[in-house]
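Residue-level structure breakdown
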Amino acid sequence: MKRRDFIKNASLALSAAFVPNIAFPSFLRGGAPLNNVLYNGVALPDVWPPRNIGMNYDPMPTPYLINRPEIIPIDLGRQLLVDNFLIEQTDMERRSYTPRKMSFNPVLKPETELEQGIYGIPGASAKDGGVWWDPKDQLFKMWYEAGWLHRMAYATSKDGIYWERPNLDIVPGTNQIVPEIVADSSTVWLDHFTQNDEERFKMFLRSPNSIPGSTERFNYGFSMVSPDGIHWGKPVKTGPCGDRSTMFYNPFRQKWVYSLRNPENINRVPIGRFRYYHEHSNFLEGAKWTKEDLIYWLGADYLDDPDPYIGDKAQLYNLSAVPYESIMLSLPQIHLGPSNERCREAGVPKITELKVAYSRDGFHWDRTDRHTFIPAERKEGSWDRGYVQSVGGLCAIVGDQLWFYYIGFEGNRKKKSSVYEKNGMHANGSTGIAVLRRDGFVSYSTSKEKSTLLTRPVTFTGEYLFVNVNCPNGELKVEVLDTDNNVIPGFSAGDCKPLSIDSTIAQIKWKNKKDLSILKNQPVRFKFYLANGDLYSFWVSPDIEGASNGYNAAGGPGFSGGIDIEGKKAYKKAENFPNLLERCKTINK
């Protein structure tokens with residue numbers, strides 16, 4: 001079968017037979033030569049990815065925040081203020097936010113015979129699986145694990161809230177897919193950029209370490225492609241990896257990244273569970289790594305506080321990511337304990353929770369915000385009592401909202417079997433939603449009558465300045481300066497038409513200037529004057545609709561692909577979908 005390297009348009013002949021228990025031979029791996037300067041001006045070293053990361057409990061460094069580019073190109077995506085990359089100086093307060101869980105959760109719970117599993121441990125959880133908006137069919141689509149350590153399944157939704165399980169032709173009468181492989185950890189990716197329609201969907205699927213009745217120890221996974229997410233091609237056996245391994249695509253560097261749990265015994269490693277890194281420009285070819293190809297990436301660190309009631313040292317259980325606007329976004333899954341042995345004794349899930357991290361080079365992660373982003377409830381009877389995890393795609397964009405699908409487990413204290421697969425610690429896995437303002441991870445905020453934020457020098461080829469701002473009882477003005485901090489005539493704060501608005505896509509205008517076209521390709525600074533409000537992001541769009549040309553994570557209503565080329569037009573389409581932020585406000589009244 002001929003599989004096309006989707007970005008470079010180079011055809012590669014790839015073939016892999018699915019032969020259980022037989023390892024496929026290694027062969028030469030590697031991608032196209034790297035351009036050492038990224039889209040945002042960050043210069044990568046000649047050796048990439050880095051191979052000098054220490055395996056210790058220290059926080060990961062972020063070199064691009066220490067040696068920032070002198071001039072930052074901002075043509076790609078909304079410019080999020082999640083770190084100091086874009087900021088020269090400010091007297092505003094940095095605030096970080098977390099999404100709200102919906103009261104109607106879970107949106108998918110175990111109900112069918114398939115979801116009861118073969119061990120009597122029910123589950124309907126996208127671990128990671130995936131939840132994506134498919135513009136081709138105008139549907140939300142979910143890939144999830146039906147039953148604990150059982151099989152992959154497929155569901156669809158018109159509104160992202162109510163889900164249907166279609167009868168498929170794989171196993172008639174069920175919504176099961178890939179029946180020949182036992183499911184444990186997985187990622188399904190909707191590839192908007194492939195040149196081959198037969199490879200529109202990618203899946204990495206890892207079976208559990210052991211399967212009752214089999215003498216084999218499974219320390220590998222399978223990678224496969226599909227035209228529709230239902231019918232999958234011949235799986236390619238991967239190299240070694242631990243059981244909670246995942247993958248994602250980094251479009252900024254055109255690389256598929258396998259985020260691999262260490263396959264070694266975690267008790268023999270000082271930092272416990274951690275991640276190896278492996279990248280390749282071709283998804284299937286990159287699956288054939290060897291242990292020598294794996295690069296130590298990161299683990300938890302001493303800033304990850306232990307649970308005060310458990311006391312175990314934090315570990316990095318998983319790291320999945322997605323391109324969002326101008327950054328890579330991740331929700332690191334932090335394991336806080338107790339041990340599997342203690343959980344089995346009680347029939348309760350272990351505590352893992354989701355934090356948030358941001359990257360501008362796709363490898364180093366800024367984890368300034370150490371609060372729990374999506375927590376485990378820790379309460380008897382809660383559907384997400386513990387084992388909270390992310391899903392493939394991380395979040396969908398619905399107008400001015402970000403919908404974070406996530407999974408959790410209730411457990412079952414009545415099932416305390418000594419057989420791991422039959423123990424209640426992993427019972428009743430379900431999938432829910434948490435909602436956040438679009439771009440709403442971090443704001444720079446003030447309650448004063450005037451505060452300012454000055455950017456570092458930036459360049460652009462767009463014409464229209466847009467902001468995501470919340471200041472209905474305040475005011476925002478913007479002026480444009482040259483690199484010597486001189487105001488450019490016609491673009492002063494006095495010339496700016498003030499905004500008093502709460503909007504995730506608001507245009508900035510000046511009285512006597514039609515747009516920013518005369519400043520194209522010139523290094524300039526933006527100076528934001530804000531009174532009583534919150535500034536989340538800014539961007540310069542090539543069109544009046546405010547399209548950002550940034551990446552849109554798992555997509556959403558109104559988007560035609562993986563990049564925001566619609567702007568306000570996508571917002572219009574999203575008006576027909578539930579406004580979960582408004583529901584949260586109503587509940588709080």
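This text gives an overview of the structure that appears in the document. (Residues numbered from 1 in each chain as written. Predicted model: local features only at pLDDT ≥ 70, side-chain atom pairs only at ≥ 80, totals over all residues. Heavy atoms only, no water.)

Glancing now at the overall build of the chain. Helix and strand content of the chain: 5 helices and 37 strands. Within the chain, contacts between residues at least 6 apart in sequence are counted, and of these 69% link residues at least 24 apart. Accessible surface computed for the chain: about 22400 Å², of which carbon and sulfur atoms make up 48%. (Helix = DSSP H or I, 4+ residues; strand = E, 2+ residues; numbered from the N terminus. Contact = heavy atoms within 4.5 Å. Areas by Shrake-Rupley, 256 points an atom, 1.4 Å probe, with all protein chains shown as cover.)

We now examine unusual backbone geometry. Trans is the prevailing form of peptide bonds, just as negative phi is the prevailing case for residues other than glycine. Of note, the amide linkage connecting W48 to P49 takes the cis form, showing an omega dihedral of 0°. Position of P49 relative to the elements: it lies in the loop between β2 (10-13) and α1 (63-66). Each neighbour pair has its own omega, and for N105 with P106 the value is 0°, a cis peptide bond. Within the fold, P106 resides in the loop between β7 (100-101) and β8 (124-134). For N428, which is not glycine, the phi torsion reads 60° and is therefore positive. Within the fold, N428 resides in the loop between β27 (401-409) and β28 (429-437).

Attention now goes to the packing of aromatic side chains. Within this structure, the stated rule accounts for 44 aromatic pairs. Ring centres of F274 and Y276 lie 5.1 Å apart, and the angle between their planes is 75°; on these two criteria the pair is classed as edge-to-face. A relative accessible area of 13% places Y276 in the buried class. Here a set of aromatic residues connected by ring pairs shows up, and it is made of Y39, W132, W189, F193, F204, Y249, F252, W256, Y258, F283, W289 and Y551. Directly above the ring of Y220 sits K237, whose terminal nitrogen or CZ lies 3.9 Å from the centroid. Of note, K313 hangs over the ring of Y57, and the distance from its end group to the ring centre comes to 4.7 Å. (Phe/Tyr/Trp six-rings, centres within 6.5 Å; stacked < 30°, edge-to-face > 60°. Buried < 20%, exposed > 50% of the residue type's maximum accessible area, 1.4 Å probe, protein only. Lys NZ or Arg CZ within 6 Å of the ring centre and 35° of its normal.)

Before going further, it helps to examine the sheet that holds strand β17 (residues 255-261). Read across the open sheet, the 4 strands follow the order β16-β17-β18-β19; overall the sheet is antiparallel. Strands at the two margins of the open sheet, each flanked by one partner only, are β16 (246-250) and β19 (295-299). Recorded for the sheet is a direction-independent mean angle of 30° between the axes of neighbouring strands. Direction of pairing for β17 relative to strand β18 (residues 274-280): antiparallel, over a ladder of 6 bridges. Its bridge partner being in β18, V257 is matched across the sheet by E279. (Pairing = 2+ DSSP bridges. Axes fitted to C-alpha atoms, helices over the stretch in contact; angles between N-to-C directions.)

Within this structure, the stated rule accounts for 35 salt bridges. For R95, the salt bridge identified is with E93, shortest N-O distance 3.3 Å. Accessibility expressed as a relative area gives 30% for R95, which makes it partly exposed. The salt bridge involving K572 is made with E575; its shortest N-O contact spans 3.7 Å. (Salt bridge = Lys/Arg side-chain N within 4 Å of Asp/Glu carboxyl O.)

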